[in-house]
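Listed below, chain by chain, are the residues.
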Amino acid sequence: LDPAFLKNAERTVVLWGDSYAAQLYSGLADAQHEIGFRLATFAATACPPLMGLSVASRPFCRDLNEATARAVAKLKPAVVLLGGNWSWYAGDKLIDLSGPVPELDRTIQTLRSAGIDRIVLIGPLPQWGEGGLPSAMRKYFFRYGELPDRTHYALANFKQVQRLDQQLQTSAAA
């Protein structure tokens, strides 16, 4: 890590996760300039930010997460954001959300042991059905004659995502 970057670590936010977490980068980068914080991103496709998790299709994940944890510990940011395609990992049985997730517990403990107190677990991001959000809004408009301010219209697996979000909250609180 660049020593100049380390100098202002108390105003640093780390985004750690897979490509789903990386989707948040653009919005965070905009906020970074408005609010005035430093942003570090550690992201790899199909590699959840879970210490000790082995992903057969992504053999580098375990080592990458270990290296990321060391880099984040050295950086000592004010906030660490953990995000991933939790629906996919749960559906693919890589993680079991029926109880505490040991890999999540280990990740949080590793960060806390490094002196990082503010850890934010980002729940499932919206995944729109066939055609994506633009198609869903076009269909909504033709059906109702207006566009909503907020909606879950055409959101893929909405009830499942709500359950998953609750399970992640429970696991993170444990």
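### Here's the deal with the packing of aromatic side chains
With the rule as written, the count across this model stands at 6 aromatic pairs. Ring centres of Trp 88 and Tyr 89 lie 5.2 Å apart, and the angle between their planes is 75 degrees; on these two criteria the pair is classed as edge-to-face. Residue Trp 88 is classed as partly exposed on the basis of its relative accessible area, which comes to 35%. Overall, the relative accessible area of 1% leaves Tyr 89 in the buried class. Their ring planes at 85 degrees and their centres at 6.3 Å tell us that Tyr 144 and Tyr 153 sit as a pair that is edge-to-face. Tyr 144 gets classed as partly exposed once you look at its relative accessible area, which sits at 44%. What links up through ring pairs into an aromatic cluster is the set Trp 86, Trp 88 and Tyr 89.

### Some details on the sheet that holds strand 4 (residues 119–121)
Read across the sheet, 4 strands follow the order 2-1-3-4 without closing on themselves; strand pairing throughout is parallel. The two strands at the open ends of the sheet, each matched to only one other strand, are strand 2 (38–43) and strand 4. On average, each strand axis in the sheet is tilted by 15 degrees relative to the strand beside it, whichever way the strands run. Where strand 3 (residues 79–83) lies against strand 4, 3 bridges are found, and the strand directions are parallel. Counterpart to Val 80 in the pairing with strand 4 is Ile 119. Against the sheet, helix 3 (residues 25–36) makes contact with strand 1 (12–17), strand 2 and strand 3, and its axis sits at roughly 165 degrees relative to strand 2, the strand it touches most.

### Remarks on unusual backbone geometry
What is expected of a backbone is that most residues other than glycine have negative phi and most peptide bonds are trans. Although it is not a glycine, Ala 46 adopts a positive phi angle of roughly 55 degrees. Secondary-structure assignment places Ala 46 in the loop between strand 2 and helix 4 (61–75). Even without a glycine there, the phi angle at Lys 76 is positive, about 50 degrees. Mapped onto the elements of the fold, Lys 76 is located in the loop between helix 4 and strand 3.

### Description of the confidence of the model for the protein
Close inspection of predicted coordinates is inappropriate for parts of the model with low pLDDT. Averaged over all residues, the pLDDT of the protein equals 85, while 94% of them reach at least 70. Taken element by element, the predicted model of the protein shows its lowest mean pLDDT in helix 1 (residues 3–7) (49) and its highest in helix 4 (95).

### Topic: a nonpolar patch on the surface
Taken together, the side chains of Phe 141, Phe 142 and Leu 147 present a nonpolar region at the surface, about 360 Å² in accessible area. Along the chain, Phe 142 turns up in helix 7 (residues 132–144). Judged by relative accessible area, Phe 142 falls into the exposed class, the value being 66%.

### Quick look at the environment of Asp 105
With respect to the helices and strands, Asp 105 occurs in helix 6 (residues 102–113). Since its relative accessible area comes to 30%, Asp 105 is described here as partly exposed. Ignoring any residue separated from it by four or fewer positions in sequence, one finds Asp 105 in contact with Pro 100 and Ser 171.

Cut-offs used in this document
Residues numbered from 1 in each chain as written. Predicted model: local features only at pLDDT ≥ 70, side-chain atom pairs only at ≥ 80, totals over all residues. Heavy atoms only, no water. Phe/Tyr/Trp six-rings, centres within 6.5 Å; stacked < 30°, edge-to-face > 60°. Buried < 20%, exposed > 50% of the residue type's maximum accessible area, 1.4 Å probe, protein only. Pairing = 2+ DSSP bridges. Helix = DSSP H or I, 4+ residues; strand = E, 2+ residues; numbered from the N terminus. Axes fitted to C-alpha atoms, helices over the stretch in contact; angles between N-to-C directions. Contact = heavy atoms within 4.5 Å. pLDDT = per-residue confidence, 0-100. Patch = residues over 30% accessible without salt bridge, like charges linked within 9 Å, V, L, I, M, F, W, Y side chains within 5 Å. Areas by Shrake-Rupley, 256 points an atom, 1.4 Å probe, with all protein chains shown as cover. Salt bridge = Lys/Arg side-chain N within 4 Å of Asp/Glu carboxyl O.

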